[in-house]
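Analysis of the macromolecular model
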Amino acid sequence: MTLLLALGLGVLIGWVLFRGPRRSSAPAAVEASARPVLPGLGRLQLLAWLEGAPQGWLVLDGEQRIQAINPRAERLLQLPADRLVRGQPLRAVIQQAELEEAILSVGRRGRPQRLEWWQGNEPLEGVLLAGGEGWGALWINSRRSLESQLDQQSRWVSDVAHELKTPLTALLLVGERLAAEVGTGTGGSGGVLVERLQRELKRLQELVGDLLELSSLENSLPLDERRYEVLDLWEMAEEAWSSLRPLAESRGVRLMARQRQACLLWADASRLHRALLNLFENALRYSPDGGVVELGVASSGLWWELEVRDHGPGLSQDDLVHLFERFYRGDPSRVRSQQAGSGLGLAIVQQIALTHGGRVQARNHPDGGAVIELVLPKGV
């Protein structure tokens, strides 16, 4: 929560500071830049918030000079108390070539970027935020406290999941024994209850597994080079569909793919497979029997854009707003499959996209059905 508040405050401070008064040959431009960005909120108030923030903050101009820095950042960067760094180039304060490259990348792409480095004996984490006209902001925090919090959260989730998995496995075995004794195919009330018990236990087992996966993703570093390799996105999509082919064939649903092409990218194979599997499972869930799931991959500059389209009833306005939230479920009457998910599938897809430096988004197709687009950097 602290991180989210810090990022939100940083964006607000960054945009307001970056849009402050600038020289212009046009009097109208000068008058417009002098107006307050937010009514009743002045530049001095924003600077006071910046000074008092519990996280370290730097504001950089278009030439990577430090225009504002708060005391917390000075302490984290281990700057002497008598050293004045405002107006100095960032490279004179932080000798990190990766940081300079990241600043240029954020300026080009206009999207936040996270990185880590050591300042003396202090492990630091930074988040770069893009502003207007080449300006930017750098949020800094110590990784020591962050890592301890993440480790504690990860251990808690792992312990809870482990404690749940053991009784769940035992209950599933009991359910199978009951099914054999009662005879679920007889259609009696006992058989119906046992079938329901087995179905709910399997759903709970899937939920525990998805919670573990989501926790692992949220606590992992983006673009972890140790897990990455050169992959073909199209081949990965075909492998994911082949895992679901028996389920699709049982309902007469087939995959219709556009023209195949080589789609090389730098990615984590197991997590990318999981993301594609979840996208196809979602499309199958909303596809009518005998329908079609469409797959397409297109190149857009440095990005691959993969689209999965179903021919179901499409997405409501609530779906478009909340689709990638945890445990969100759309109108159950729209689901064409009897298979129930954990409510975490698309949240996992979103987290996998973020850890790869990409994004996922959804829309309705003009000719009907829903389209979910996974955008990933090529990286090769």
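Residues numbered from 1 in each chain as written. Predicted model: local features only at pLDDT ≥ 70, side-chain atom pairs only at ≥ 80, totals over all residues. Heavy atoms only, no water.

Moving on, we get to the nonpolar core. With 44 residues, the main nonpolar core has Leu-233, Leu-272, Leu-276, Phe-280, Leu-306 and Leu-374 as its most contacted residues. Of all elements in the fold, only helix H7 (189–218), helix H8 (233–250), strand S8 (264–268), helix H9 (269–286), strand S9 (292–300), strand S10 (303–309), helix H11 (345–355) and strand S12 (370–377) reach the threshold of two or more residues within this core. When near neighbours in sequence (up to four residues on either side) are disregarded, Leu-374 contacts Leu-272, Leu-276, Leu-279, Trp-304, Glu-305, Leu-306, Val-349, Ala-353, Arg-359 and Val-360. In terms of nonpolar packing, the next biggest core, distinct from the first, is built from 22 residues, Val-106, Trp-117, Leu-128 and Leu-138 among them. (Core = buried A, V, L, I, M, F, W, Y, C linked by side-chain atoms within 4.5 Å. Buried < 20%, exposed > 50% of the residue type's maximum accessible area, 1.4 Å probe, protein only. Helix = DSSP H or I, 4+ residues; strand = E, 2+ residues; numbered from the N terminus. Contact = heavy atoms within 4.5 Å.)

Positive phi, normally seen in glycine, also occurs at Gln-64, with a value near 60°. Looking at where Gln-64 falls in the secondary structure, it is placed in the loop between strand S1 (56–60) and strand S2 (66–69). Overall, the relative accessible area of 12% leaves Gln-64 in the buried class.

By secondary structure assignment, the location of Arg-196 is in helix H7. Separated by 21 residues in sequence, Arg-196 and Gly-175 place their C-alpha atoms 9.7 Å apart.

This part is about the pattern of salt bridges. For side chains bearing opposite charge, pairing can occur when the charged atoms are close. Scanning all chains against the criterion turns up eleven salt bridges. One salt bridge connects Glu-238 with Arg-260, and the closest N-O pair in it is separated by 3.3 Å. Here the residue Glu-238 occupies a position in helix H8, and Arg-260 occupies one in the loop between strand S7 (254–257) and S8, the gap between them amounting to 22 residues. The exposure class assigned to Glu-238 is partly exposed, which follows from its relative accessible area of 35%. By relative accessible area, Arg-260 is classed as partly exposed at 42%. Linking Arg-258 and Glu-307 is a salt bridge whose minimum nitrogen-to-oxygen distance equals 3.4 Å. (Salt bridge = Lys/Arg side-chain N within 4 Å of Asp/Glu carboxyl O.)

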